[in-house]
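The chain contents come next:
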Amino acid sequence: MIAACKSDQDKKFEQKDKNFYPIASFIESELFLVDSLPLAVFKYTIDETGTDTQLVAKPDFRKIAETFMSPDITIEPLKEKYTETVFMDETINTVTFSYSTEDTTAEIRKIDVFINPENDRVKNIYVEKINRGSDSIIIRKMIWTAGKHFQVSTVLSKSGMPDK
């Protein structure tokens, strides 16, 4: 009953005190691992013309991967716009840290961090971003699978044209 009586100011204070999962640090550690191993990095592109496979230099891979880390919602002033929800999904044996915002102008719409509760290791990170231009909207849905790969699905919407 006391919790229900908290003011909006009290809720904002509690939110600022929360430690969001350090997504940028995690991705940086994954990138360090890629940089330190002698392995080839491939980029697969699938679009309406077909599938293309390219060997990607590690600096280029890093640049693509950095889209997961920016903007960083764990620091102010962005942090105050996001709400953290934590829940255990026993059907897939995963603890999920979910970050969302009601701010319709925010670039990061949603982040989900999936953690294995048996070893406290990240399984996946899902990030949904939206970029608005003067005549277009770009939606990126990205999933990082720890130690394996990441995928970026991009949808371009232009007024008067079908989504691409």
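This text gives an overview of the structure that appears in the document. The structure presented is a predicted model; accordingly, all values stated were derived computationally and were not measured.

### Side note on the side chain of S136
And then number 1: Tracing the backbone shows S136 in strand β7 (residues 136–145).
And then number 2: Under the relative-accessibility criterion, S136 is labelled buried at 15%.
And then number 3: In this structure S136 touches N131, L156, S157 and K158, once residues within four positions along its chain are discounted.

### Topic: the environment of E128
And then number 1: Within the element layout of this structure, E128 appears in strand β6 (residues 121–132).
And then number 2: In this structure, E128 is in contact with E107, I108, R109, K110, R140 and K141, ignoring residues within four places of it in sequence.
And then number 3: Looking at E128, its side chain comes within polar contact range of the side chain of Y126, at 2.7 Å.

### Side note on the environment of V155
And then number 1: By secondary structure assignment, the location of V155 is in strand β8 (residues 149–158).
And then number 2: On the basis of relative accessible area, V155 is assigned to the partly exposed category, the value being 33%.
And then number 3: Residues V155 and K141, spaced 14 residues apart in sequence, show a C-alpha to C-alpha distance of 8.6 Å.

### Re unusual backbone geometry
And then number 1: A cis geometry characterises the amide bond from S70 onward to P71, with omega recorded as -5°.
And then number 2: Looking at the element boundaries, P71 is found in the loop between α3 (58–65) and β3 (82–89).
And then number 3: Residue P77 is bonded to the preceding E76 through a cis peptide linkage, with omega at 5°.
And then number 4: Checked against the element boundaries, P77 lands in the loop between α3 and β3.
And then number 5: Despite not being glycine, N93 shows a phi value in the positive range, around 50°.
And then number 6: Inspection of the secondary structure puts N93 in the loop between β3 and β4 (94–101).

### A word on the packing of aromatic side chains
And then number 1: Evaluation of the coordinates by the stated rule reveals five aromatic pairs.
And then number 2: With 5.4 Å between their ring centres and 55° between their planes, F61 and F150 make a pair best called tilted. With F61 in helix α3 and F150 in strand β8, this pair connects stretches of sequence that are 89 residues apart. Take F61 and F150: they sit in the same class, and that class is buried.
And then number 3: An aromatic cluster is present here, built from F61, W144 and F150 joined pairwise through their rings.
And then number 4: Directly above the aromatic system of F20 lies the positively charged group of K79, at a separation of 5.3 Å from the ring centroid.

### Focus on the sheet that holds β4
And then number 1: Reading across from one edge, β3-β4-β5-β6-β7-β8 is the order of the six strands in this open sheet, with antiparallel pairing throughout. The open sheet has two edge strands with one neighbour each: β3 and β8. Within this sheet the neighbouring strands show an average axis-to-axis angle of 10°, counted without direction.
And then number 2: As paired elements, strand β5 (residues 108–116) and β6 share eight bridges and run antiparallel to each other. Bridge assignment links V113 to a residue of β6, and that residue is I125.

Quick notes on the rules
Residue indices follow the written sequence of each chain, beginning from 1 at its first position. Where totals are concerned, whole chains, interfaces and linings use all residues; where local detail is concerned, this predicted model gives features only for residues with pLDDT of at least 70, and gives and counts side-chain atom pairs only at 80 or more. To get the side-chain values, all heavy atoms of the structure are used, and hydrogens and water are removed first. Strands here mean DSSP runs of E at least two residues long; helices mean DSSP runs of H or I at least four residues long; both are numbered from the N terminus. Type-normalised accessible area, obtained with a 1.4 Å probe on protein chains alone, sets the label of each residue: buried when under 20%, exposed when over 50%, and partly exposed for intermediate values. What makes two residues a contact is simply this: any of their non-hydrogen atoms within 4.5 Å. N or O atoms within 3.5 Å of each other form a polar contact, as long as, within protein, one can give a hydrogen and the other can take it, and as long as residues adjacent in sequence are counted only when both atoms are side-chain atoms. Here a pair means two rings of Phe, Tyr or Trp (six-membered ring of Trp) with centres within 6.5 Å. Their orientation is stacked below 30 degrees between planes, edge-to-face above 60, and tilted elsewhere. Placement of a charge over a ring requires the Lys NZ or Arg CZ to be within 6 Å of the ring centre, with the centre-to-atom vector within 35 degrees of the ring normal. For two strands to count as paired, DSSP must find a minimum of two bridges between them. An axis is simply a line fitted to the C-alpha atoms; with a helix, the fit covers only the stretch in contact. Between two such axes, the angle follows the N-to-C directions and lies from 0 to 180 degrees.

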